[in-house]
Amino acid sequence: MSQFTKKAIVETFLELLKEHSLDKITVKDIVEKCGINRNTFYYYYQDIYDLIDDVFDIETKKVLEDEKQYESWYEELLRVALFVVENRPAILHIYDSKSRDVLEKYLFAICDKLIRNYVEQQVQGMEVSDKEKEFVITFYGYSLVGMTLNWIKGNSQSDSADYLKGMAAVFEGTVKTALECTQNCLANKKFRHF
């Protein structure tokens, strides 16, 4: 029963967040729409910000615990982006609030896992140090998170599928080259202060 109630609170909150900015949603709104009393809400959450943290923790765990291997980077990206795509208005309201850091933390955690898995596949047969791999993973992590935030803000004129396909194409087409370039640059000490 308790997981059912907690799930109902989360789903109700996301529904409200699709329609209203975060600062317009109250605990009263959530409990009335959910059909529970305030004490039940406070049994699970200290406040709305605690609820936001839990929403992203739940989604992060879903992605990080999924060990399925997908055929392409696009399929992997689509799987991860599904939560953002399905809840874009709600995500935008979070982006525009003081809880933006929770959204960014979620995106960085997800992107790190995806990129790390892909990079590990690409370095097979290459002599790439951990430092070089970490540089590439960090570089692409910031790129993907930035592109995702740009899409969330509405700065992209593409629809979701086209935008994700473009991100996947650039990523798949450049990661191996980036690993090779990083390996060569560091091995040749071209950038001594790097």
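This is a predicted model, so every value here is computed, not measured. (Residues numbered from 1 in each chain as written. Predicted model: local features only at pLDDT ≥ 70, side-chain atom pairs only at ≥ 80, totals over all residues. Heavy atoms only, no water.)

**Observations concerning empty space enclosed by the protein**
Consideration 1: Under the defined criterion, the tally for this structure stands at one cavity of 30 Å³ or more.
Consideration 2: In this structure, the largest cavity spans a volume of roughly 160 Å³.
Consideration 3: What lines the largest cavity is a set of 16 residues, among which Leu-77, Ala-81, Leu-107, Thr-148 and Leu-164 lie closest to the centre.
Consideration 4: Elements with a minimum of two residues in the lining of the largest cavity: α5 (73-86), α7 (100-122), α8 (130-153) and α9 (160-187).
Consideration 5: Among the residues making up the lining of the largest cavity, the classes are represented as 14 nonpolar, two polar and no charged. (1 Å grid on protein atoms, 1.4 Å probe; cavity = no way out; pocket = protein on both sides within 12 Å on 5 of 7 lines; lining within 4 Å. Points joined across faces, edges and corners; volume = space filled by probe spheres on them. Helix = DSSP H or I, 4+ residues; strand = E, 2+ residues; numbered from the N terminus. Nonpolar A, V, L, I, M, F, W, Y, C, P; charged D, E, K, R; others polar.)

**A look at the pattern of salt bridges**
Consideration 1: Summed over the entire model, instances satisfying the criterion amount to nine salt bridges.
Consideration 2: Residues Asp-112 and Arg-116 are paired through a salt bridge, measuring 3.0 Å at the closest nitrogen-oxygen approach. Of this pair, Asp-112 and Arg-116 both sit in helix α7, four residues apart, which is roughly one turn of the helix.
Consideration 3: Looking at Asp-112, the relative accessible area reads 31%, which means it is partly exposed.
Consideration 4: Residue Glu-120 pairs with Lys-133 through a salt bridge whose shortest N-O separation is 3.1 Å. A residue pair is termed long-range when its members are at least 10 positions apart, and Glu-120 in helix α7 and Lys-133 in helix α8 qualify at 13 residues.
Consideration 5: Residue Lys-133 is classed as buried on the basis of its relative accessible area, which comes to 12%.
Consideration 6: The network of salt bridges with shared partners includes Asp-112, Arg-116 and Glu-134. (Salt bridge = Lys/Arg side-chain N within 4 Å of Asp/Glu carboxyl O. Buried < 20%, exposed > 50% of the residue type's maximum accessible area, 1.4 Å probe, protein only.)

**Some words on the layout of surface pockets**
Consideration 1: Roughly 490 Å³ of internal volume is contained in the largest pocket.
Consideration 2: Breaking the lining of the largest pocket down by element, the ones donating at least two residues are α1 (2-19), α4 (48-65) and α5.
Consideration 3: Per element, the largest residue contribution to the lining of the largest pocket is eight residues, and it comes from α1.
Consideration 4: Here the lining of the largest pocket is built from residues that sort into eight nonpolar, two polar and 10 charged.

**Thoughts on α5**
Consideration 1: An ideal rise of 1.5 Å per residue puts 20 Å on 14 residues; α5 measures up with 20 Å between its terminal C-alpha atoms.
Consideration 2: The sharpest bend along α5 measures roughly 45° and falls at Val-80.
Consideration 3: Inspection of α5 places Trp-73, Tyr-74, Glu-76, Leu-77, Arg-79, Val-80, Ala-81, Phe-83 and Val-84 among the buried residues, and these make up the whole buried set. (Expected span 1.5 Å × (residues − 1). Bend = angle between axes of the 7 residues up to and from the residue.)

**A look at the packing of α1 against α4**
Consideration 1: Following both chains from N to C, one finds α1 and α4 inclined at 100°, their axes separated by 11 Å at the closest point. For the element pair α1 / α4, the angle class is roughly perpendicular. Packed against α1, whose contacting residues are Lys-6, Ile-9, Val-10, Phe-13 and Leu-14, the element α4 presents Ile-48, Leu-51, Ile-52, Asp-54, Val-55 and Ile-58 at the interface.
Consideration 2: Taken together, the residues that form the contact of α1 with α4 break down as nine nonpolar, no polar and two charged. (Axes fitted to C-alpha atoms, helices over the stretch in contact; angles between N-to-C directions. Parallel < 35°, antiparallel > 145°, perpendicular 65-115°, else oblique. Contact = heavy atoms within 4.5 Å.)

**Some remarks on the environment of Phe-135**
Consideration 1: Inspection of the secondary structure puts Phe-135 in helix α8.
Consideration 2: The exposure class of Phe-135 is partly exposed, given its relative accessible area of 34%.
Consideration 3: Separated by 112 residues in sequence, Phe-135 and Asp-23 have C-alpha atoms that sit 38 Å apart.

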